[in-house]
Amino acid sequence: MNWNTALPLMVLGSSLLPGLMIFFLSEEHVVARTSLNLASAILKIVLIGGMFWGMLHGHHYESRLALLPGLDLVLRAGPLSMLFVLLSAGLWLVTTVYAIGYLEESPYRSRFFGFFSLCVTATVGIALAGNLMTFLVFYELLTLCTYPLIVHRGTEVARKAGRTYLIYTIFGGALLLLSSVWLYTLAGTLEFTDRGFLSGLDTSLHPTLILIFALLIAGLGVKAALFPLHGWLPLAMVAPAPVSALLHAVAVVKAGAFGIVRVVYDVYGIEFATDLGLTLPLAILASATIIYGSLRALFQDELKRRLAFSTVSQVSYIVLGIAVAGPVATIGGLIHLVHQGVQKITLFFCAGNLAETLGIHKISEMNGVAWRMPWTMAAFTIGAFGMIGAPPLAGFFSKWYLARGALDAEQDWVILILAGSSILNAAYFLPILYIAWFKKPPDSWPAERSFGRNETSWALLIPTVVTAMMTLALGLLASAPFSLLEWASQIVNRGFAQ
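Here is what the cut-offs are and how they apply
Residues numbered from 1 in each chain as written. Predicted model: local features only at pLDDT ≥ 70, side-chain atom pairs only at ≥ 80, totals over all residues. Heavy atoms only, no water. Helix = DSSP H or I, 4+ residues; strand = E, 2+ residues; numbered from the N terminus. Rg over C-alpha atoms; globule rule 2.2 N^0.38 Å. Buried < 20%, exposed > 50% of the residue type's maximum accessible area, 1.4 Å probe, protein only. Contact = heavy atoms within 4.5 Å. UniProt positions renumbered as here; feature names shortened; annotations may be inferred. Expected span 1.5 Å × (residues − 1). Salt bridge = Lys/Arg side-chain N within 4 Å of Asp/Glu carboxyl O.

The name given to the protein in an unreviewed UniProt entry is Monovalent cation/H+ antiporter subunit D family protein, with Shewanella atlantica as the source organism.

(A) Spatial organisation of the overall build of the protein. Regarding its fold elements, the protein presents 20 helices and 2 strands. Taking 23 Å as the expected radius of gyration for a compact globule of 498 residues, we find that the protein reaches 22 Å, a close match to that expectation. The dimensions of the protein, computed from C-alpha atoms along their principal axes, are 70 × 55 × 45 Å. Counting the 498 residues in the protein, one finds 59% classified as buried. In the protein, once contacts between residues fewer than 6 apart in sequence are set aside, the share between residues at least 24 apart is 79%.

(B) View of the UniProt feature "domain: NADH:quinone oxidoreductase/Mrp antiporter transmembrane" (unreviewed entry) in the protein. In the numbering used here, UniProt assigns the feature "domain: NADH:quinone oxidoreductase/Mrp antiporter transmembrane" (unreviewed entry) to residues 129-422. Summarising residues 129-422: 76% helix, 0% strand, and an end-to-end C-alpha distance of 34 Å.

(C) Unusual backbone geometry, seen in detail. Here the amide bond leading from Phe-227 into Pro-228 is cis, since omega sits at 5°, within 30 degrees of zero. Tracing the chain through its elements places Pro-228 in the loop between helix H7 (206-224) and helix H8 (232-235). In the segment running from Pro-391 into Pro-392, the intervening peptide bond is cis, with an omega of 5°. Examined against the element boundaries, Pro-392 turns out to sit in the loop between helix H16 (374-388) and helix H17 (394-408). You will see that Ala-225, though not glycine, has its phi angle at about 60°, which is positive. Positionally, Ala-225 belongs in the loop between H7 and H8. Here Ala-225 falls in the buried class, since its relative accessible area comes to 1%. One non-glycine residue with positive phi stands out, namely Glu-410, at about 60°.

(D) The arrangement of helix H6 (residues 156-187) in detail. Helix length check: H6, at 32 residues, gives a terminal C-alpha distance of 46 Å against a target of 46 Å (1.5 Å per residue), a fit within 8%. Phi turns positive one or two residues past the end of H6, at Gly-188, with a value near 75°.

(E) Representation of the pattern of salt bridges in the model. The tally for this structure, following the rule as stated, stands at 11 salt bridges. The residue Glu-191 makes a salt bridge to Arg-64 at a minimum N-O spacing of 3.1 Å. Taken together, the residues Glu-191 in the loop between H6 and H7 and Arg-64 in strand S1 (residues 62-68) connect sequence positions 127 residues apart. In this structure, the salt-bridge partner of Glu-356 is Arg-449, at a minimum N-O distance of 3.5 Å.

Shown next as structure tokens:
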């Protein structure tokens, strides 16, 4: 085994082994657990950075392990996979810092951080998967690792949310397994390729391939929270704020959306999917989810539930960009994979700060809270305007490229969806900002904790401000050399050129 073969395994192992070690630490071993968490998160970024540098210099990184006769477990680094890997690793580091502060006095921290590390391991495995079977293995591992985090608090409400999550995701996983086996019997391979591996099959199989595509989208749509398969997501908001951030920004919903990107581009191929008439129904489904999620968000008083329905809407921008089936719209979808993650994790960090510091869980309790927690609400304001799509924040560039791509692809109706959703985004975010900044604060808060001269714990505030600054930077530096936008453009131009 050489370095190019070992590096993908090392990236995976950098969170897997520390996660397993954390399970054996008692609650009193705070320093050891914190050191393992931070060291593994930093090591993972270093290893991924090395792999990214090597890719830029022409190195090929791939690990293979025989799984079944004729079917390997494959980890492969490519431009698309590295986009998701860097997102996961970067946000995992800031979420780890946040979780350490958030759970400072909580029980069962070793159990929490053990599964937390395994979740990131599964997410990185999904990103680096070189074929559909490898993707499926890590996709199901992610289901099993996130369940204990959702039910971490052990309340009846948490257990109910966990059961709902398992019902939805096991159903989705079963559809994904059925589809993968069916495809393998037809094509004899499940290897991801730039133009897919199904276009050469006999035309008599096209109706079957259309049915399999529907099953794949349903299986992946559960985690991507596509309507009507989104029901588990708002219920899962009973989990601690770091878990909500993990579900919405780093792992679960992004795994589903990333899987849809893989199916459209690397299993079917965008040209073949368009020829089969699959992209337009997918675009309509994504559009319906965008509007539905925004409408449901409007009527939520609980802050995390409003953010959850916002996620239902926002993640479907990624699917819409892919389904429009043009290079410019695809760029918009890919950059939103990152933009939505950074913006939404900021908002969930802010929600966690409000809950842990003041006991605020509902929007109706937020009157004047910006004067008590100005840094937190400044970060929330940046994240909210980013979600609305205000320039020069990151979310603006996602919507700009989606709109341009829709016009280029002669799908003008998508502009109405984007405009309508932006109006709805403003309708459910701006009232929060108004009452937080301009309403008179109450004489006392629901459950205030004192942090001296600081508005909250530094471990909670620093990650929140950092991700807010990332939202600004991703927008302000969008046209800079080596920017996310340039990276996504190279991925898409390479694929469409082929």
